[in-house]
Amino acid sequence: MTSPFVRRRRLATELRNLREEKGMTAGRLSQLLHQSRMKVSRLENAHIRPDLAEVMKILDILGVTGDKWNEVVRIARDAAERGWWDSFGDAMGPRQRLYADLESGASSIREYNQTAIPGILQTPEFTWALVELDKREGPITYVPERMAQARLQRQRVALHPDGPTHEVVLDEFVLRRLAVPPAVLRDQLRHVAEVVASEPRITVRVLPFDARLVGGMLPRSSFALYTFPDPEDPPMAVVDTATTDIVHTEEDEVARYRGHYDRLRECSLSPAESLTLLGKVADELTGQAEADS
């Protein structure tokens, strides 16, 4: 399906541009629409799911007709769609809902991860180990059981034959420093290798500790780049921070993260070398797991 989140952002841009071309303020539009100024603002900033009847009324107020009317209504219909993640509500966590939404309509995903194994490659045991780490940092805002169920559903959708291509640059920090039980991390690394071997659309490259990135600054956080089948849906960069995910669609902002990714990829091990390293670390973790038992 087309990502409703992507279409909400595109709809917001379309409505704002049409209103400004008409020379109308958001306040005046809200009066004619008989809605609050806040609601118009939230619609024009993609903060709410659109009501199709209201969007059509806005188009009528702005005098939009013909092909443009049809185009905006089509975008609004896509933006109003509900995905499987909506049945989980906030129980799966707002950040995971965002990623599930974007993955549903993406044609390609390129990701740099310096904190964990990507969600679509996680084993259930690894997911639960991350939950335990998360709890140590303070109250969690999701229901662990529902979050874990949603993560499995994300994997089924993303790994479907019609799913996006997905390339991951995985920082060696994750393999060496993440404090999950050795046996859990060992099995997780072996699972990654198995998925990559069986799924041609999934590629994992490991960025070694000693890699030197030339040509620009070091990335300050994990991030992911998304492209979509419709060329009118702009590429996105989603940046992972400690408390939220920041979505960038401006070309210069996305280009900066694309540059980061290209440099990271160039300094990473090849896919074959990366799988060899995953296997080596998994073997090392076997010894640690036996010592702990």
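Residue indices begin from 1 for each chain and proceed along its sequence in written order. Totals for whole chains, interfaces and linings use every residue, but because this is a predicted model, local features are given only for residues with pLDDT of at least 70 and side-chain atom pairs only at 80 or more, for both listing and counting. Values shown for side chains rest on all heavy atoms present in the structure; no hydrogens or waters enter the calculation.

Explain the sheet that holds strand β3 (residues 202-207) to me, please; I cannot follow it from the model alone.
In any sheet, the strands associate via hydrogen bonds between backbone groups, in a parallel or an antiparallel arrangement. Taken in spatial order, the six strands make up an open sheet running β3-β2-β1-β4-β5-β6, and their pairing is mixed. In this open sheet, the two edge strands, each paired with only one partner strand, are β3 and β6 (245-248). If you compare each strand with its neighbour and ignore which way they point, the axes differ by 15 degrees on average. On top of the sheet, helix α6 (residues 94-105) reaches β1 (108-113), β4 (223-227), β5 (236-240) and β6; it is set at about 160 degrees to β5, its chief contact. Whether two strands pair depends on DSSP finding at least two bridges between them. Under the scheme used here, helices are H or I runs from DSSP no shorter than 4 residues and strands are E runs no shorter than 2 residues, and both carry numbers assigned from the N terminus. To define axes, lines are fitted to C-alpha atoms, for helices over the stretch in contact only, and angles between the resulting N-to-C directions are given on a 0 to 180 degree scale. In what follows, residue pairs with any heavy atoms lying within 4.5 Å of each other are defined as contacts.

Looking at this model, I keep getting lost on the packing of helix α1 (residues 4-21) against α6. Mind explaining?
The angle between the axes and the distance between the axes are what describe a pair of packed helices. It is the contact of α1 with α6, at a shortest axis distance of 7 Å, that shows an interaxial angle of 90 degrees. Judged by the angle between their axes, α1 and α6 are roughly perpendicular. From α1, P4, F5, V6 and R8 reach across to α6, where they touch L98, D101, L102 and S104. Taken together, the residues of the contact of α1 with α6 break down into five nonpolar, one polar and two charged. To sort the angles, those under 35 degrees are grouped as roughly parallel, those over 145 as roughly antiparallel, those from 65 to 115 as roughly perpendicular, and the leftovers as oblique. Residues are grouped as follows: Ala, Val, Leu, Ile, Met, Phe, Trp, Tyr, Cys and Pro are nonpolar; Asp, Glu, Lys and Arg are charged; all remaining types, including Gly, are polar.

Got a minute to help me understand the packing of aromatic side chains in this structure?
Both the distance between ring centres and the angle between the ring planes are used here to describe each pair of aromatic rings. Paired rings are identified among Phe, Tyr and Trp, the last through its six-membered ring, by centres lying within 6.5 Å, and are further divided according to the angle between planes into stacked (under 30 degrees), edge-to-face (over 60) and tilted (the rest). The full count for this structure, using the stated rule, is five aromatic pairs. Aromatic side chains Y112 and F223 sit 5.9 Å apart centroid to centroid with 50 degrees between the ring planes, which places their arrangement in the tilted category. Of this pair, Y112 sits in strand β1 while F223 sits in strand β4, and the two are 111 residues apart along the sequence. Each of the two residues, Y112 as well as F223, counts as buried. Classification of residues uses two cut-offs on accessible area relative to the type maximum, computed with a 1.4 Å probe and protein chains only: under 20% is buried, over 50% is exposed, and between them is partly exposed.

Explain helix α4 (residues 52-61) here, please?
Structurally, the α-helix is built with 3.6 residues per turn, so residues lying three or four positions apart point the same way. Burial in α4 covers these residues: E54, V55, I58 and L59. Along the axis of α4, the buried positions cluster into a sector of 145 degrees, meaning they face one direction only. Seen from the buried face of α4, the exposed residues on the opposite side, beyond 90 degrees, are A53 and D60. In this fold, the buried residues of α4 make contact with α1, α2 (26-33), α3 (37-44) and α5 (66-80). Once α4 finishes, G63 follows within two positions and takes phi at roughly 75 degrees, a positive value. Directions from the helix axis toward the C-beta atoms define the arc.

Any chance you could explain the packing of α2 against α4 here in plain terms?
Viewed as axis vectors pointing N to C, α2 and α4 meet at an angle of 115 degrees, and their least axial separation amounts to 10 Å. With respect to α4, the axis of α2 lies roughly perpendicular. The interaxial crossing formed by α2 with α4 has right-handed handedness. Residues L29, L32 and L33 of α2 pack against E54, K57, I58 and I61 of α4. Helix crossings fall into two classes, left-handed where the near helix is turned counterclockwise from the far one by less than a right angle and right-handed where it is turned clockwise.

I'm lost on the pattern of salt bridges in this one. Help?
A pair can form between side chains of opposite charge whenever their charged atoms are brought close. For salt bridges, the criterion is a side-chain nitrogen of Lys or Arg within 4 Å of an Asp or Glu carboxyl oxygen. Per the stated rule, a full pass over the model turns up 27 salt bridges. Residue R97 is joined to D90 by a salt bridge in which the shortest nitrogen-to-oxygen separation is 3.2 Å. Overall, the relative accessible area of 21% leaves R97 in the partly exposed class. A relative accessible area of 53% places D90 in the exposed class. The salt bridge partner of E167 is R205, with a shortest N-O separation of 3.4 Å.

So what exactly am I meant to see when it comes to the environment of L189 here?
Its location among the elements puts L189 in helix α10 (residues 182-198). What makes L189 buried here is its relative accessible area of 1%. It is 9.4 Å that separates the C-alpha atoms of L189 and L121, two residues lying 68 residues apart in sequence. Ignoring sequence-local partners within four residues, the contact set of L189 consists of I117, L175, L278, V281, A282 and L285.

In short, the description is geometric, and any link to function would need to be established separately.
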